[in-house]
Amino acid sequence: MADAAPAPKDPATIRREDYRPPAWFIPEVELDFQLDLERTVVRSKLDVRRSKSAKADEPLVLQGDDISPTSVKVDGEARTDWTLVEGDLVLPLNGASHSVEIEVELDPSTNTQLMGLYASNDMLCTQCEAEGFRRITFAPDRPDVLSRYQVRMEADKAKFPVLLCNGDKVAEGDGENGRHWVQWNDPWPKPSYLFALVAGDLVANNDSFTTRSGKPVELNIWVRDGDLDRTGHAMKALKDSMRWDEETYGREYDLGLFNIVAVSDFNMGAMENKGLNIFNSRYILADPEVATDADFDGIEGVVAHEYFHNWSGNRVTCRDWFQLSLKEGFTVYRDQSFSADMGSAALKRIEDVRILRAAQFPEDAGPLAHPIRPESYQEISNFYTATIYNKGAEVIRMMNTLMGAESFRKGTDLYFDRHDGEAATCEDFVTAMEDGGEIDLKQFRNWYETPGTPRVTANLSHDPQTGTATVHLSQKIAQNGEKPKSSELVIPLKTALLDPETGAHQGEQLLLLDQTEKSFVLEGYRDHPVLSINRGFSAPIILESSQTAEQLAFLSAHDDDPFARFEAVQRLMTGYLTAKVLGTPVDRDIILHAVAKILGDKEIDPAFLAELLVLPSEAFLGDQMVEVDPQAIHDEREKLRGKIAVQFEKQFRKLYKSCWPGEFSLDAEARANRKLRNVTLGYLAASYTDDAAELAFEQYREADNMTAMQGALAVLSHLEAEERTIAFDDFYAKFKSNPLVLDKWFSLQAMSLRPDTVKRIDSLSRHPDFTLSNPNRVRALYGAFTGNQVRFHDLSGKGYQMIADMVIALDKQNPQTAARFIPQLGRWRRYERERSELMRLALEKIAAQPELSKDVSEQVHKSLA
Ligand code: PHE
Ligand code: ZN
């Protein structure tokens, strides 16, 4: 289980249209684990049943990856007539049902991919989605084969006092030589990707929950000794999620036990294994001293996400991996709605759209674009994308918008009911929504097969004679990546026409753009109204409207839909900044007036004010341009920031003082104050006043919480001041033993706008606390760096080279995490000529490596194609 196996020269492409039902079913699985860090023995007993549709001589094919059997038995007899074909075990069988026993030996300590059974610190844990189970034992490792699992785990009691698996604990006891064992039984049939086990020296935050039908559930969050007092927020989120899913979707938990385990080495955020969720520790551990408000939100969202999978993913699972969005898009939508209900719906929507635009729109506009239900893949790990997750969630949200809440709920009830215990498809979901919600979604299905972000133009004309206003809409899809099969989507656009004096309107309308072009005539407008469209971001589109800066300024002052108001400010600023970058003459006063209005609006609460004051990101601005020049964008954005900062310095100073949050609390008001304080501190630092460093340093020193500390450090990180060095050294000394906080120390430096950042990254990569073995640390340094537009895109090309070299090194130990860095370089065609060429060369360098993993190979070759 050492390094990645050499990839075949031309990795095979798997196609959705090639789906065939399994030839063998495995109703029962028995597993026996003799666990140890270096040598683990896995004995499996599979009760195999030939499918009625399979040929009588169809052999049993069990997937394996980097393992080989030490023994194979059929119906109790040893067998040697098996073969290994590309890792898979092929076993000739002639009956309709057999008992197959296989023994495999593993060395978890050398498993650096973090797929299958691996060691993290001194603990053993598993990750099986999507195709990790085949690294533990031979099995039909596909989601449409569901089995009941009985698992016996045995290990040294002192080293591994806690032994966890899916389902219920049914027996335990002590063995010989200081060993002990636990027997687990999961009554719910599940696909292999939901299998999990954990063995380690862990302690639990133990709690309980009573389901609405009165069933008691024991809840545990398992962490290392010393982390226990950082599990409270996750536990609250878990209980809130359990209640919310009962109330909102009528879904109750279905076991007497729910375990969560936090691990430090994890490729993704978390994993929804049945009854045993395994989490990246960053989505569990928090207290105000080490976690920011955003970290707290991340925990709430991910805990909910994994819990919600118990129904959307586990009870109803996916037929094949092309259906991944069936569980992920739906579950993201569910966790987004949950977080909206727990906090501010308006702020949550702004945040979700920000993420969609930052991660999904670029993906959809680049060489790795794919529909939410892809047609093909080489390595499924590459398809855990913002498209599957976040655009998938937007598609579900649009269904809700089209159907209305009540009918949507009828649809999901029918879906869960109809497909409980099955491996379903996206098509099954849509059909259930149609049948249960009594709606026709025939054309709506196009969203499942159409890649690319639709561009919608919206124009408003007005006839004062008749008092009619006409909204003219049209749609088109930029063709990128996979070709769309049909281009006319159903696009639901929440719209209001605002009175040009007061901003009042007669109610929101839902306009359905379901043709290439469509016009809507609305009566009763004496004066030319102002168009507010795609309110709440009701459709994941790019809006191209011919609105003037004056109209946008009007909306930014008056729109009663918070998202639309935020959007108006963003569009106003974006229009100004992109014009400046292109050298087009443009009026700045209108921006300053809009900001003045916002700052003077006493009705705006501090959290929303903070949102409105944040300029569009450099990355987002680049996405709006035909050819990206990161330096030019950075310069113009900084100029505008500086101008706003100077112009409103007094107000910012006042605001900064007034939003002193007092004693720490996680309530909305205190959080809003912390947020606004950080935003205003940023402006004060941009206002060229000499006390910027002092002010930030003071905030750093006085901070009793990580939000304030990080906000201060973020400002200091860009400055040429001794306060920066002192604060960063102090932060390191304080937190060097807390890996999650140390990640922040790396990230903050990687995001620094200082010209020496590229050099600093290079030296940080050799820092004793840096390691390629921990995905969080890799993302903290290099992930943050690739997001630093102006420094990653340094004209020297050194940023690109560093990423390429890191990918090449990391690919040898962790292909999944390595492949996630390719898209940053893969956007090379979007950049101005010189950078574009340097980015391409970095990709070529990766492509030229002799033994690339399937993961990296697929991404690199698609990016260069
Ligand atoms: N299924 C996990 C989730 O979204 C994500 C995941 C995928 C985790 C693959 C690990 C590996 O909740
Ligand atoms: Zn998920």
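Remember, it's a predicted structure, so these values are computed and weren't measured experimentally. (Residues numbered from 1 in each chain as written. Chains lettered and ligands numbered in written order. Predicted model: local features only at pLDDT ≥ 70, side-chain atom pairs only at ≥ 80, totals over all residues.)

Here we look at the overall build of the chain
We apply this condition: Each helix is a run of H or I in the DSSP string that is no shorter than four residues. Each strand is a run of E no shorter than two, and both are numbered from the N terminus. Values of the radius of gyration come from C-alpha atoms, whereas the globule rule sets the reference at 2.2 Å times the count of residues to the power 0.38. Contact between residues is assigned whenever the C-beta positions, reconstructed from backbone atoms, fall within 7 Å.
Scanning the chain for helices and strands turns up 28 helices and 31 strands. The C-alpha atoms of the chain give 28 Å as radius of gyration, which agrees with the globular expectation for 865 residues (29 Å, within 12%). Considering only contacts in the chain between residues 6 or more positions apart, those separated by 24 or more positions represent 70%.

Focus: the pairing of strand 12 (residues 147-156)
Quick note on the threshold: Being paired, for any two strands, means DSSP has found at least two bridges between them.
Bridge count for strand 2 (residues 24-34) against strand 12 is seven bridges, and the pairing is parallel. Each residue of the ladder has a partner; that of glutamine 34, found in strand 12, is glutamate 154.

Description of the sheet that holds strand 27 (residues 491-498)
Filter applied, for reference: The axes are straight lines fitted to the C-alpha atoms, using for helices just the contacting stretch, and the angles between their N-to-C directions are given from 0 to 180°.
The three strands lie next to each other as 28-27-30, forming an open sheet whose pairing is antiparallel. Across the chains shown, the open sheet's two edge strands, defined by having one partner strand only, are strand 28 (509-513) and strand 30 (530-533). Between one strand axis and the next, the sheet turns by 35° as a mean value, whatever way the strands run. Sheet topology note: the strand 27/strand 28 ladder contains five bridges and is antiparallel. Bridge pairing in strand 28 places threonine 495 opposite glutamine 509.

Thoughts on the sheet that holds strand 16 (residues 197-200)
Strand order in the open sheet made by the four strands is 10-11-16-13, with antiparallel pairing throughout. Of all the strands in the sheet, just strand 10 (116-120) and strand 13 (162-165) have a single pairing partner and so form its edges. Taken pair by pair, the neighbouring strands of this sheet meet at an average axis angle of 15°, ignoring direction. Pairing of strand 13 with strand 16, which is carried by four bridges, proceeds in the antiparallel orientation. Each residue of the ladder has a partner; that of leucine 164, found in strand 16, is valine 198.

Quick notes on unusual backbone geometry
Put simply, glutamate 129 and alanine 130 share a cis peptide bond, and its omega is -5°. Inspection of the secondary structure puts alanine 130 in the loop between strand 11 (123-127) and strand 12. Positive phi outside glycine occurs at glutamate 438, with the angle close to 50°. Mapped onto the elements of the fold, glutamate 438 is located in the loop between helix 7 (426-437) and helix 8 (446-449). Even without being glycine, phenylalanine 537 reaches a positive phi, approximately 50°.

Things to note about the environment of aspartate 463
Rules: Exposure classes come from backbone-placed C-beta atoms, where a residue is buried if 20 or more other C-beta atoms lie within 10 Å of its own, exposed if 12 or fewer do, and partly exposed in between.
When you line up the elements, aspartate 463 lands in strand 25 (residues 454-463). According to the C-beta neighbour criterion, aspartate 463 is exposed, with 12 such atoms within 10 Å. Aspartate 463 sits 395 residues away from glutamate 858 along the chain, and the two C-alpha atoms are 55 Å apart.

Quick notes on the domain arrangement of the chain
Often, the extent of an interface is quoted as the loss of accessible area upon association of its parts. Applicable threshold: Segment limits for the domains were obtained from an automatic or database-derived domain assignment.
Looking at the assigned domains, one finds that the chain contains domain 1 (14-201), domain 2 (316-449) and domain 3 (736-865). The interface is formed by nine residues belonging to domain 2 together with twelve residues belonging to domain 3.

Here we look at the confidence of the model for the chain
Stated precisely, the cut-off is as follows: Per residue, pLDDT captures the predictor's confidence, and it can take any value from 0 to 100.
Confidence in the prediction for the chain averages 97 pLDDT; 98% of positions are at 70 or higher. Across residues 1-9, confidence stays below pLDDT 50; counting only partners more than four residues off in sequence or on other chains, it has 19 contacts. Interface confidence in the predicted complex, given as ipTM, is 0.99; pTM for the same model is 0.98.

Section: the UniProt feature "domain: Peptidase M1 alanyl aminopeptidase C-terminal" (unreviewed entry) in the chain
How we decide: UniProt positions are given in the numbering used here, feature names are shortened, and annotations may be inferred rather than shown by experiment.
Residues annotated in UniProt with the feature "domain: Peptidase M1 alanyl aminopeptidase C-terminal" (unreviewed entry) correspond here to residues 550-865. For residues 550-865, helix accounts for 72% and strand for 0%, while the C-alpha atoms at its two ends are 43 Å apart.

A short note on helix 14 (residues 630-647)
Owing to its 3.6 residues per turn, the α-helix aligns residues three or four sequence positions apart on the same side. Counted only if it meets this: Every helix has an expected span of 1.5 Å times one less than the residues it contains.
The first and last C-alpha atoms of helix 14 sit 26 Å apart over 18 residues, in line with the 26 Å expected at 1.5 Å per residue. Considered for burial, the residues of helix 14 that qualify are Pro630, Ile633, His634, Glu636, Arg637, Leu640, Ile644 and Ala645.

Focus on the packing of helix 2 (residues 293-308) against helix 3 (residues 324-342)
Put simply, the test is: Note on terminology: angles under 35 degrees are roughly parallel, angles over 145 are roughly antiparallel, angles of 65 to 115 are roughly perpendicular, and the others are oblique. Left-handed describes a crossing whose near helix is turned anticlockwise from the far helix through less than a right angle; right-handed describes the clockwise counterpart. Three categories are distinguished: nonpolar for Ala, Val, Leu, Ile, Met, Phe, Trp, Tyr, Cys and Pro, charged for Asp, Glu, Lys and Arg, and polar for the others, with Gly belonging to the last.
Where helix 2 meets helix 3, the closest approach of the two axes is 9 Å, and the angle between their N-to-C directions is 135°. The angle between helix 2 and helix 3 places the two elements in the oblique class. As for how helix 2 packs across helix 3, the hand of that crossing is right-handed. On helix 3, the residues touching Asp297, Glu300, Gly301, Ala304, His305 and Phe308 of helix 2 are Thr331, Val332, Arg334, Asp335, Phe338, Ser339 and Met342. Looking at the contact of helix 2 with helix 3 residue by residue, the class counts come to five nonpolar, four polar and four charged.

A short note on helix 9 (residues 549-558)
Among the ten residues of helix 9, seven are classified as buried, and the element is accordingly described as predominantly covered. Among all positions in helix 9, only Gln551, Leu552, Ala553, Phe554, Leu555, Ser556 and His558 are buried. At its buried positions, helix 9 is contacted by strand 27, strand 30, helix 10 (562-582) and helix 11 (589-600).

Let's talk about the nonpolar core
Basically, it comes down to this: Definition of nonpolar core: a set of buried Ala, Val, Leu, Ile, Met, Phe, Trp, Tyr and Cys residues joined via C-beta atoms within 7 Å.
Within the largest apolar cluster, 233 residues are counted, with the highest numbers of intra-cluster contacts made by Met153, Val198, Ala199, Val261, Ile278 and Ile284. By size, the runner-up hydrophobic cluster in this structure holds five residues, among which are Leu356, Phe361, Leu368 and Ala369.

Side note on the pairing of strand 11
Strand 11 sits mainly inside the fold: five of its five residues count as buried. The sheet contact formed by strand 10 and strand 11 spans five bridges and is antiparallel. Along strand 11, the bridge assignment pairs alanine 119 with leucine 124. If you look at the hairpin formed by strand 10 and strand 11, you'll find two residues sitting between the two strands, and asparagine 121 has a positive phi there, around 55°. Judged from the two bridges that link them, strand 11 and strand 16 form a sheet pairing that is antiparallel. Residue pairing for strand 16: leucine 124 is matched across the bridge by alanine 199.

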